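Okay, here's what each chain looks like letter by letter:
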Amino acid sequence: MVGKICGTGSYVPARVMDNDDLSRIVDTNDAWIRERTGIGKRHIIDGETTSYMAGQAAMRALERSGVKPDEIDMILLATSSSETVYPCAACEVQRMIGATYASGYDINAACTGFVLAFNAAQAYISAGFCRTVLVIGAESMSNMIDWTDRGTCILFGDGAGAVVLRAEEGTPVSMAAHSDGEKGPALTGLSRHRKGWEKELEDGAVKESFIHMDGQGVFKFAVRKVPEIIEEVLEKADASLDDIDYFVLHQANRRIIEAVAKRLKTDISKFPMNLEEYANTSAATVPILLDEMDRSGMLKRGQKLMTAGFGAGLTWAACLFEW
Ligand code: UT7
């Protein structure tokens, strides 16, 4: 058995902050941000929480799938910016959508989280442990950002995406995942929900920004490791680059995606992007993009999709699956 996507959904806050808005907060400008990242704007929460956005994306995915909430037996929610450590956001979504018989938990693996959750769902399904799994990526990155740090605050946005997977006969998926904890300091995050952070900041006890990043280090890591893991998954599947219809990569930076395409000697048209509109929504980028692709009619049954995520940990993961 394999998990087939039978519905996608997404939710982004209505409040938009474009690059010009940011240039009034930090010393930056629209031209720099567009040229270095491909980002034009980001959607920012305005009262929404991570689990609220996750629940909205889940409801939209369920509606499109025709699956009823009580048919779901697992909810996997990838997030690093939930409003509570516990209860986990997955259980909050379970309550919101009325998925009475589902178990669920959160997966904290930053920008790689959704791909890891998707892989875990596929493993549960192929083992016969689950039949219907809701996989969500949701983030309130604006709660984690130091809005005085132009090196990071320009990169991120908020939002959520979800897919419903149902067990069907079909071509097995191929997947891979890796971590390198030695390189953890390259990208660290401190939640704004940490009690007392304002005081620590005032006292100078917190010297680092909430998200602290070696931008060029992360850039180089992504450009090297993403093509490697894609090749690894292709080899496992006995497939070639030409077999892939679309590469649905984590949307961190347009230049990273272009560099990956170049290394793989694959036309950039096979790498859909939506960074211009949403920026980097961490664990939510891949499911938001999948939802947009599905809604726009780009996707046809039987097409082969390669998804890949990378980020803090450091972590990176990929999955080859049939639409
Ligand atoms: O999900 C994974 C999350 N992480 C990432 O995706 C990070 C990957 N890395 C990147 O995307 C890029 O490294 C950045 C976009 C963060 C930075 O781009 P870069 O081309 O590596 O720029 P840089 O850090 O080398 O900075 C170049 C210049 C510097 O000025 P000087 O020293 O040349 O005078 C920076 O101070 O650009 C300056 N700069 C900015 N200027 C205007 C840095 N940030 C900004 C800014 N606006 N926002």
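Notes on the structure in this doc start here. (Residues numbered from 1 in each chain as written. Predicted model: local features only at pLDDT ≥ 70, side-chain atom pairs only at ≥ 80, totals over all residues. Heavy atoms only, no water.)

Focus on the site of the ligand
Put simply, the rule is: Any residue with at least one heavy atom within 4 Å of a molecule or strand is counted as near it. Polar contact is the term for a pair of N or O atoms within 3.5 Å; when the atoms are in protein, one must be able to donate a hydrogen and the other to accept it, and sequence-neighboring residues count only if both atoms are side-chain atoms. Residues are sorted three ways: Asp, Glu, Lys and Arg are charged, Ala, Val, Leu, Ile, Met, Phe, Trp, Tyr, Cys and Pro are nonpolar, and all the rest, Gly among them, are polar.
The environment of the ligand is formed by 19 residues, the closest being Thr28, Arg150, Gln216, His250 and Asn253. A distance of 2.4 Å separates an oxygen atom of the ligand from a polar atom in the side chain of Gln216. In this structure, Asn280 approaches the ligand through a side-chain N or O atom, which is 3.0 Å from an oxygen atom. Grouping the amino acids of the shell around the ligand by side-chain chemistry returns 7 nonpolar, 8 polar and 4 charged.

Describing the environment of Met175
Quick note on the threshold: Helix and strand definitions follow DSSP, with helices as H or I runs of at least four residues and strands as E runs of at least two, each counted in order from the N terminus. For the exposure calls, accessible area comes from a 1.4 Å probe over protein chains only, and a residue counts as buried if that area is under 20% of its type's maximum, exposed if over 50%, partly exposed in between.
Among the secondary structure elements, Met175 is positioned in strand β8 (residues 174-179). By relative accessible area, Met175 is classed as partly exposed at 25%. C-alpha separation for the pair Met175 and Leu234, spaced 59 residues apart in sequence, amounts to 8.9 Å.

Describing the packing of helix α3 (residues 50-65) against helix α4 (residues 89-97)
Our working rule: Angles run from 0 to 180 degrees between N-to-C directions of axes, and those axes are lines fitted to C-alpha atoms, restricted for helices to the stretch in contact. Roughly parallel means an angle under 35 degrees; roughly antiparallel, over 145; roughly perpendicular, 65 to 115; everything else is oblique. Helix crossings get a hand from a simple test, with the near helix turned counterclockwise from the far one by less than a right angle marking a left-handed crossing and a clockwise turn marking a right-handed one. Residues are treated as being in contact if the distance between any of their heavy atoms lies within 4.5 Å.
Taken N-terminus to C-terminus, the directions of α3 and α4 make an angle of 50°; their axes are 9 Å apart at the nearest point. It follows from the interaxial angle that α3 and α4 lie oblique. Here α3 and α4 pass one another in a crossing that is right-handed. For the pair formed by α3 and α4, the contact residues are Ser51, Tyr52, Ala54, Gly55, Gln56, Ala58, Met59 and Leu62 on the first element and Ala89, Glu92, Val93, Met96 and Ile97 on the second. Looking at the contact of α3 with α4 residue by residue, the classes come out as 9 nonpolar, 3 polar and 1 charged.

A short note on the sheet that holds strand β7 (residues 158-168)
Going by this rule: In this scheme, strands are said to pair when DSSP sees at least two bridges between them.
If you trace the 5 strands from one edge of the open sheet to the other, you get β1-β7-β6-β4-β5, paired in mixed fashion. Across the chains shown, the open sheet's two edge strands, defined by having one partner strand only, are β1 (2-11) and β5 (103-107). Strand-to-strand twist of the sheet, defined as the mean angle between neighbouring strand axes without regard to direction, takes the value 20°. The sheet contacts of α3 involve β1, β4 (74-78), β6 (132-140) and β7, and relative to β1 the element is tilted by about 125°. The strands touched by α4 within the sheet are β4, β5 and β6, with β4 carrying the most contacts at an inclination of about 130°.

Some words on the packing of aromatic side chains
Quick note on the threshold: Pairing of aromatic side chains here covers Phe, Tyr and the six-membered ring of Trp, requires ring centres within 6.5 Å, and sorts the geometry by plane angle: under 30 degrees stacked, over 60 edge-to-face, intermediate tilted.
Per the stated rule, a full pass over the model turns up 6 aromatic pairs. Note on Tyr124 and Phe129: the rings are 5.2 Å apart at their centroids and 45° apart in plane angle, and the pair reads as tilted. When the ring of Phe247 is compared with that of Phe271, the centres are 4.6 Å apart and the planes differ by 5°; the resulting orientation is stacked. Residue Phe247 is located in strand β11 (residues 246-249), and its partner Phe271 is located in the loop between α9 (254-263) and α10 (275-278); the two are separated by 24 residues in the primary sequence.

A short note on the pattern of salt bridges
To be explicit about the condition: Counted as salt bridges are all cases of a side-chain nitrogen of Lys or Arg within 4 Å of a carboxyl oxygen of Asp or Glu.
Under the counting rule described, the total for this entry stands at 13 salt bridges. Between Glu322 and Lys4 there is a salt bridge whose closest N-O contact spans 3.7 Å. Note that Glu322 is positioned in strand β13 (residues 315-322) and Lys4 in strand β1, a separation of 318 residues in sequence. For Lys4, a relative accessible area of 12% puts it in the buried group.

Thoughts on the sheet that holds β13
One key point about sheets: their strands pair by backbone hydrogen bonds, in either a parallel or an antiparallel sense. What the 4 strands build is an open sheet, ordered β8-β13-β12-β11; its pairing is mixed. Taken across any chain shown, the strands that pair with only one partner, and hence form the sheet edges, are β8 and β11. The mean inter-strand angle of the sheet, taken between neighbouring strand axes irrespective of direction, is 15°. For β8 and β13, the ladder comprises 6 bridges, and the chain directions are antiparallel. Considered in β13, the bridge of Ala176 is made with Ala318. On top of the sheet, helix α8 (residues 215-237) reaches β8, β11, β12 (304-311) and β13; it is set at about 145° to β8, its chief contact. The strands touched by helix α11 (residues 285-295) within the sheet are β11, β12 and β13, with β11 carrying the most contacts at an inclination of about 140°.

Some thoughts on unusual backbone geometry
The omega torsion across Tyr86 and Pro87 is 5°, close enough to zero to call that bond cis. Assignment of secondary structure puts Pro87 in the loop between β4 and α4. Look at the link from Gly313 to Leu314: it is a cis peptide, with omega at -10°. With a phi angle near 55°, Asp238 is a residue other than glycine that sits in the positive phi range. Tracing the chain through its elements places Asp238 in the loop between α8 and β11. Judged by its relative accessible area of 73%, Asp238 falls in the exposed class. In this model, Ala279 sits at a positive phi of 60°, which is unusual for a non-glycine residue.

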